[in-house]
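# Coordinates in review
Residues per chain are reported as follows:
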Amino acid sequence: MSKIYEETKFLMKKYGITANKKLGQNFLIEDNVIEKIVESSSLTSEDLVIEIGPGLGTLTKELLEKAGKVICIELDNRMISILKDRFFMYKNFEIINEDVLKVDLNKLIRENKEKDQIKNVKIVANLPYYITTPIIMKLLEERLDIESITVMIQKEVADRLTELPGGKSGGAITYTVYYYAEAEELLTVPNNSFIPEPEVESEVIKLTLRKKPVIEVTDEKKFFELIKVSFMQRRKTLLNALSNSTFNISKEKMEQVLKDLNIDTRVRGEALSIEQYAEIVKRI
Ligand code: SAM
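Presented here is a report on the structure given in the accompanying data block. (Residues numbered from 1 in each chain as written. Predicted model: local features only at pLDDT ≥ 70, side-chain atom pairs only at ≥ 80, totals over all residues. Heavy atoms only, no water.)

### Examining the overall build of the protein chain
Test applied: Secondary structure is summarised from DSSP: a helix means a run of H or I of at least four residues, a strand means a run of E of at least two, and numbering begins at the N terminus for each. All accessible areas in this document rest on Shrake-Rupley with a 1.4 Å probe, and a residue is counted as covered only by the protein chains that are shown. Charge convention: Lys and Arg are scored as positive, Asp and Glu as negative, and His as well as the terminal groups of each chain are ignored. By convention, the charge on Lys lies at NZ, on Arg at CZ, on Asp at CG and on Glu at CD.
Each helix and strand in the protein chain was counted, giving 12 helices and 9 strands. Over its C-alpha atoms, taken along the principal directions, the protein chain stretches across nearly 65 × 40 × 30 Å. Of the accessible surface of the protein chain, which amounts to about 14,100 Å², a share of 47% is contributed by carbon and sulfur atoms. With 43 positive and 46 negative side-chain charges, the protein chain shows a separation of 3 Å between the mean positions of the two kinds.

Pasting the structure below:
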C-alpha cells in the first residue's frame, strides 16, 4: 500500500471523515499520480497555486513545498479545520471556505499579484466531477490572468476537452478549450487510485492558456452560441439543427453562407473547424 493510502486512512479515522459523494469526494491515494500532477505544473517560488477542492490536503502538501503561495478553495467545512490543523506552520498557505463557482477569481488573483512576489498563477486540482464542466468554463471564460490549469477529471470529459475541433469525441466545449488554450492529456488514472473508487476512469490533463485566442472572431457571443446550438442536435445537419433552434438566422440565409464558403450544405456542425465557424459568424 502506498504512503498516501496509509495517510488518507489515518486522517479519515482521526477526524471521523466519510466521503461525501454529493460533493464528489474521491480522495487520491497514489503517490505517483500526485508526483505527476505536481511535476507537470512546473512550480516555482514565484507561482501562486489556486487549488480547487483540497479535501484532506494530499495534493496541497506537495504544492506548499514547491509554490510561493497556495490558496485552497474548499466547500466542505469539515475539511477546513483538518487543513488548518495540518498546514498551520506553512506561511504560504491560505484557505477559502466557499463554492469555487461563487469566488471572484479575477479579484483574488489581482490582489495577490499586487501584494506578493507572485509572477504566475496556476490552477491545480483533483476536481469534484459533478461540476467539472462549469468549473472549466468559468476558468476559461472569465479570462483569468493564469498560466495553466492542471486537473484530474473524468477520462470521458478529458477526451472531449483535449480533442481537436472537428474531431470524433469533440463537443461544443472542445471549441471553447481550443479557443483559449492548448490542451494535453498527461496520465490515465485507474479507479482504484482513490478512496472511495469513482465509477469512471480518470485522467490528468493540462491546459496551457494562450496569450490571445487562437483565432480572431468578430462576435464572440454569436460564435459560441452558434457552436452550442449546432451541438445540441449533433446528429442533424447544421441547417436542420439551426432551423429547430432559437439561433436567429433563416435557413435560406445560412444555406447561402455555407455555399459562399464552399461548405457542403448537408454538413453537420460537429464536422466544422473552428476557422469555419469564425467565417460563418463573420457573414451573418
Ligand atoms: N484534493 C483531494 C484529493 O485529491 O484527494 C480531494 C479531491 S475530491 C475529488 C474533490 C474536492 O472538491 C472535495 O474535497 C470536495 O469537498 C470539494 N468540492 C466539491 N464541490 C466543491 C465546490 N463547489 N467548491 C469547492 N470545492 C468543492
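### A look at the environment of I195
Condition: Partly exposed describes any residue whose relative accessible area lies between the buried limit of under 20% and the exposed limit of over 50%, with all areas from a 1.4 Å probe on protein chains only and scaled to the type maximum.
Inspection of the secondary structure puts I195 in strand β8 (residues 194-195). Residue classification places I195 among the buried positions, given a relative accessible area of 14%. Put simply, I195 and A19 are 176 residues apart on the chain and 8.1 Å apart in space, counted from C-alpha to C-alpha.

### Things to note about the pairing of strand β5 (residues 120-126)
Operational definition: Between any two strands, pairing holds if DSSP finds at least two bridges.
Within β5, 6 of the 7 residues are buried, which leaves the element mostly enclosed by the surrounding structure. Here strand β2 (residues 47-52) pairs with β5 via 6 bridges, running parallel. By the bridge assignment for β5, D47 is matched with N120. Where β5 and strand β6 (residues 148-154) come together, 5 bridges link them in parallel fashion. By the bridge assignment for β6, I123 is matched with I149.

### Side note on empty space enclosed by the protein
Here is the rule: The definitions used throughout rest on a 1 Å grid laid over the protein atoms alone, on which a cavity is an enclosed set of points accommodating a 1.4 Å probe that cannot get out and a pocket is an open set flanked by protein within 12 Å on both sides along at least five of seven lines; lining residues are those having an atom within 4 Å of a point. Grid points are joined across faces, edges and corners, and a volume is the space filled by probe spheres set on the points. Lys, Arg, Asp and Glu make up the charged group, whereas Ala, Val, Leu, Ile, Met, Phe, Trp, Tyr, Cys and Pro make up the nonpolar group; the residues left over, Gly among them, are polar.
This structure, assessed with the given rule, holds 2 cavities of 30 Å³ or more. The computed volume of the largest cavity comes to approximately 380 Å³. Every residue lining the largest cavity is counted, 29 residues in all, and those nearest its centre are G53, P54, G55, E74 and N126. Within the residue set of the lining of the largest cavity, elements represented by two or more residues are β1 (27-28), β2, α3 (58-66) and β3 (69-74). By residue class, the composition of the lining of the largest cavity is 17 nonpolar, 8 polar and 4 charged. Approximately 40 Å³ is the volume attributed to the second largest cavity. K3, I4, E7, T58, K61 and E62 are the residues that line the second largest cavity. Elements with a contribution of two residues or more to the lining of the second largest cavity: α1 (3-14) and α3. Here the lining of the second largest cavity is composed, by residue class, of 1 nonpolar, 1 polar and 4 charged.

### A short note on the packing of aromatic side chains
Just so we agree on the cut-off: Each Phe, Tyr or Trp ring, with Trp reduced to its six-membered ring, pairs with another whose centre is within 6.5 Å; inter-plane angles below 30 degrees give stacked pairs, above 60 give edge-to-face pairs, and intermediate values give tilted ones.
Tallied over the full model, the rule gives 9 aromatic pairs. An angle of 70° between the planes, with centres 5.9 Å apart, marks the rings of F87 and Y90 as edge-to-face. An identical accessibility class is assigned to F87 and Y90; each is buried. With 5.2 Å between their ring centres and 90° between their planes, Y179 and F224 make a pair best called edge-to-face. Taken together, the residues span a long stretch of sequence, with Y179 in helix α8 (residues 172-180) and F224 in helix α9 (residues 220-232) at a distance of 45 residues.

### What about the site of the ligand?
Selection criterion: Neighbouring residues are identified by heavy atoms, a residue being near a molecule or strand if any of them is within 4 Å of it. Pairing of N or O atoms within 3.5 Å defines a polar contact, subject to two protein rules: one partner must be a possible hydrogen donor and the other a possible acceptor, and residues neighboring in sequence count only if both atoms are side-chain atoms. Throughout, a molecule is located in a cavity or pocket provided that more than half of its atoms lie within 2 Å of its grid points.
Around the ligand, the structure places 22 residues, and the nearest of them are Q25, G53, E74, N126 and Y130. The contact in question runs from an oxygen atom of the ligand to an N or O atom on the backbone of G55, over 3.4 Å. At a separation of 2.9 Å, a nitrogen atom of the ligand approaches a polar side-chain atom of D99. Against a free-state accessible area of 600 Å², the protein chains account for coverage of 99% of the ligand. One can see that the ligand is located within the largest cavity. Going through the elements one at a time, β1 and β3 are the ones with two or more residues in the shell around the ligand.

Remember that the coordinates give geometry; whether it matters functionally is a separate question.
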